[in-house]
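# Coordinate inspection notes
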Amino acid sequence: QVQLVESGGGLVQAGGSLRLSCAASGRTISSSTMGWFCQAPGKQRELVATITSGGTTNYGDSVKGRFTISRDNAKNTVALQMNSLEPEDTAVYYCAARAKWATAYEYWGQGTQVTVSS
């Protein structure tokens, strides 16, 4: 079992930055693919960014060039650096983990709220 806890959300003005962190416990996530997802009110959860165990990254179209996902296997953490934030980025952001051979994310955090004011 893996427990994931997100932190770093908050209220920021448009154009500002936030750094989200996801701390994993229970076992190492070094071999897991990690992802950040977001869900805005009334919308479906959508992909923000993923990073494989080897460090390969993938981003949703709306955040490319603005957000950066990274991982620190020694600390068992994953981070999401969010720059040039827009009001449309307002959502609850979730950290998730899956085994590299799995097609679905098995473990999810409780989420952290990000609100971007215009």
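Per chain, the residues get numbers from 1 upward, laid out in the order the sequence is written. Per-residue local features are limited, in this predicted model, to residues with pLDDT of at least 70; the limit for side-chain atom pairs, both in listing and counting, is 80 or more; totals at the level of whole chains, interfaces and linings are taken over all residues. As a convention, hydrogens and water are excluded, and side-chain values are obtained from all of the structure's heavy atoms.

Moving on, we come to the packing of aromatic side chains. Two rings from Phe, Tyr or Trp (for Trp, the six-membered ring) form a pair when their centres are within 6.5 Å of each other. A pair whose planes differ by under 30 degrees is stacked, one over 60 is edge-to-face, and the rest are tilted. Taken as a whole, this structure holds three aromatic pairs when the rule is applied. Aromatic side chains Phe37 and Trp108 sit 5.0 Å apart centroid to centroid with 55° between the ring planes, which places their arrangement in the tilted category. Linking Phe37 in strand β4 (residues 32-39) with Trp108 in strand β10 (residues 107-108), this pair joins segments that are 71 residues apart in sequence. Any residue under 20% of the maximum accessible area for its type is buried, any over 50% is exposed, and the rest in between are partly exposed; the area is computed with a 1.4 Å probe on protein chains only. We classify Trp108 as partly exposed; its relative accessible area is 33%. When the NZ atom of lysine or the CZ atom of arginine is within 6 Å of a ring's centre and also within 35 degrees of its normal, the charge is said to sit over that ring. Over the ring of Trp108 we find Arg45; its NZ or CZ atom is 4.4 Å from the centre of that ring. In this structure, Arg98 packs its charged tip against the face of Tyr105, placed 5.4 Å from the ring centre. Only DSSP runs of H or I with at least four residues qualify as helices, and only runs of E with at least two residues qualify as strands; both kinds are numbered from the N terminus onward.

Attention now goes to the state of the cysteines. Cysteine sulfur atoms are paired as a disulfide whenever they fall within 2.5 Å. One pass over the full model with this rule turns up one disulfide. Residue Cys22 pairs covalently with Cys95 via a disulfide, S to S 2.1 Å. Handedness here is read from the sign of the S-S torsion; for Cys22 and Cys95, about -75°, the answer is left-handed. Here the residue Cys22 occupies a position in strand β3 (residues 18-25), and Cys95 occupies one in strand β9 (residues 91-99), the gap between them amounting to 73 residues. For Cys38, which is in no disulfide, the shortest distance to another cysteine sulfur is to Cys95 and amounts to 14 Å.

In short, DSSP must find at least two bridges between two strands for them to pair. The strand order β1-β3-β8-β7 describes an open sheet built from four strands, whose pairing is antiparallel. One side of each edge strand has no neighbouring strand; the edge strands of this open sheet are β1 (3-7) and β7 (67-72). Sheet twist, expressed as the average angle between the axes of neighbouring strands with direction ignored, equals 15°. The pairing of β1 with β3 spans five bridges and is classified as antiparallel. Residue pairing in the sheet places Val5 in a bridge with Ala23 of β3. Axis definition: a line fitted to C-alpha atoms, over the contacting stretch in the case of helices. Angles run 0 to 180 degrees between N-to-C directions.

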